[in-house]
Amino acid sequence: MTAAQHPTGHCGATADGDSPPQLDYTKVRAYWKSVRPSMLGPYIMGGFGFPVGAGRFRFRGEVEAVAEATRDLGPDVSVLDLGSGVGVWTEYFAQRFSRVVAVEASSTLYTALKDRCSPYPNVTTHNCDVLSFEPNNDSGATEGFGLVFLGGLLMYLNDHDVSTLLHKLIPHLKPGAMVLCR
């Protein structure tokens, strides 16, 4: 995106007054189809020469923020992790909460997610697009989710699809549930 195309001022406006660029889902799907599993992926640091330790360092900082935000959630909470990637957050939640449902569309990342989370019997994984995922189909959280984690997913969806996704999730949330966007 050039400087002239980059949104400036308030949300949705551009320097020249045109509509903001729309997402090209064909390009997004092609990117995620060819991505390599890495700790750097969730931070869009892959392919730029960053060491894997940079991703781990950033994750440790985020863990502190997520732990603080979720400190009042009990261990009996069911978590829905949408756009799970290689499963770093799924694994973290599996160690803290009773049930984790992870959804990842990329086949390559899904394989890494399954491998990482195979030791956790409280994790259920789904290889599908979050927009087609139905939380009530074999999610194991019939009582509702107490936490929904969107780890960077929203930047790959247009505004309409974000709204549709969030509205679809509402009936599957426990009262007082938290939706955490990274």
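The structure under discussion appears in the preceding block.
Now for a description of the structure that goes with this document.

About the cut-offs
- Residues numbered from 1 in each chain as written.
- Predicted model: local features only at pLDDT ≥ 70, side-chain atom pairs only at ≥ 80, totals over all residues.
- Heavy atoms only, no water.
- Buried < 20%, exposed > 50% of the residue type's maximum accessible area, 1.4 Å probe, protein only.
- Helix = DSSP H or I, 4+ residues; strand = E, 2+ residues; numbered from the N terminus.
- Axes fitted to C-alpha atoms, helices over the stretch in contact; angles between N-to-C directions.
- Parallel < 35°, antiparallel > 145°, perpendicular 65-115°, else oblique.
- Left-handed = near helix turned anticlockwise from the far one by under 90°.
- Contact = heavy atoms within 4.5 Å.
- Nonpolar A, V, L, I, M, F, W, Y, C, P; charged D, E, K, R; others polar.
- Pairing = 2+ DSSP bridges.
- Right-handed = clockwise from strand over helix to strand, strands pointing away.
- Salt bridge = Lys/Arg side-chain N within 4 Å of Asp/Glu carboxyl O.

Right, let's talk about helix α3 (residues 88-96) for a bit. In terms of burial, α3 is a largely internal element, seven of the nine residues being buried. Along α3, the positions that sit buried rather than exposed are Val88, Trp89, Thr90, Glu91, Tyr92, Phe93 and Ala94.

Take the packing of α3 against helix α4 (residues 107-117) next. Close contact between α3 and α4 brings their axes to 9 Å; oriented N to C, the two are set at 25°. Taken together, the axis directions place α3 and α4 in an arrangement best described as roughly parallel. For the pair α3 and α4, the sense of crossing is right-handed. Across the interface between the two elements, Val88, Thr90 and Glu91 from α3 touch Leu113, Arg116 and Cys117 from α4. Residues of the contact of α3 with α4, tallied by class, amount to three nonpolar, one polar and two charged.

So, on to the pairing of strand β1 (residues 78-82). Counting buried residues along β1, five of its five residues qualify, which places the element largely inside the surrounding structure. Burial along β1 is two-sided: the residues Ser78, Leu80 and Leu82 and Val79 and Asp81 are all buried. In terms of strand pairing, β1 meets strand β2 (residues 99-104) through five bridges, oriented parallel. Each residue of the ladder has a partner; that of Val79, found in β2, is Val100. Read from β1 through α3 to β2, the crossover connection turns out right-handed. Bridge count between β1 and strand β4 (residues 145-150): four bridges; the pairing is parallel. Residue pairing in the sheet places Leu80 in a bridge with Val148 of β4.

It is worth spelling out the sheet that holds β4 at this point. Strand order in the open sheet made by the five strands is β3-β2-β1-β4-β5, with parallel pairing throughout. Looking at strand neighbours, the two that pair on one side only are β3 (123-127) and β5 (173-181), the edges of this open sheet. Each strand of the sheet is rotated relative to its neighbour by a mean of 15°, with strand direction disregarded. Here β2 runs beside β3; their pairing, made up of five bridges, is parallel. Bridging across to β3, Val100 finds its partner in Val123.

Applying the stated criterion across every chain, the model contains four salt bridges. With its nearest N and O atoms 4.0 Å apart, the salt bridge here joins Lys168 to Glu134. Pair noted here: Lys168 is in helix α5 (residues 159-169) and Glu134 is in the loop between β3 and β4, with a separation of 34 residues, a long-range link. Exposure remark for Lys168: the relative accessible area of 18% places this residue in the buried category. When its relative accessible area of 33% is taken as the criterion, Glu134 is described as partly exposed. Through salt bridges with shared partners, a single network forms among Glu68, Arg71 and Asp72.

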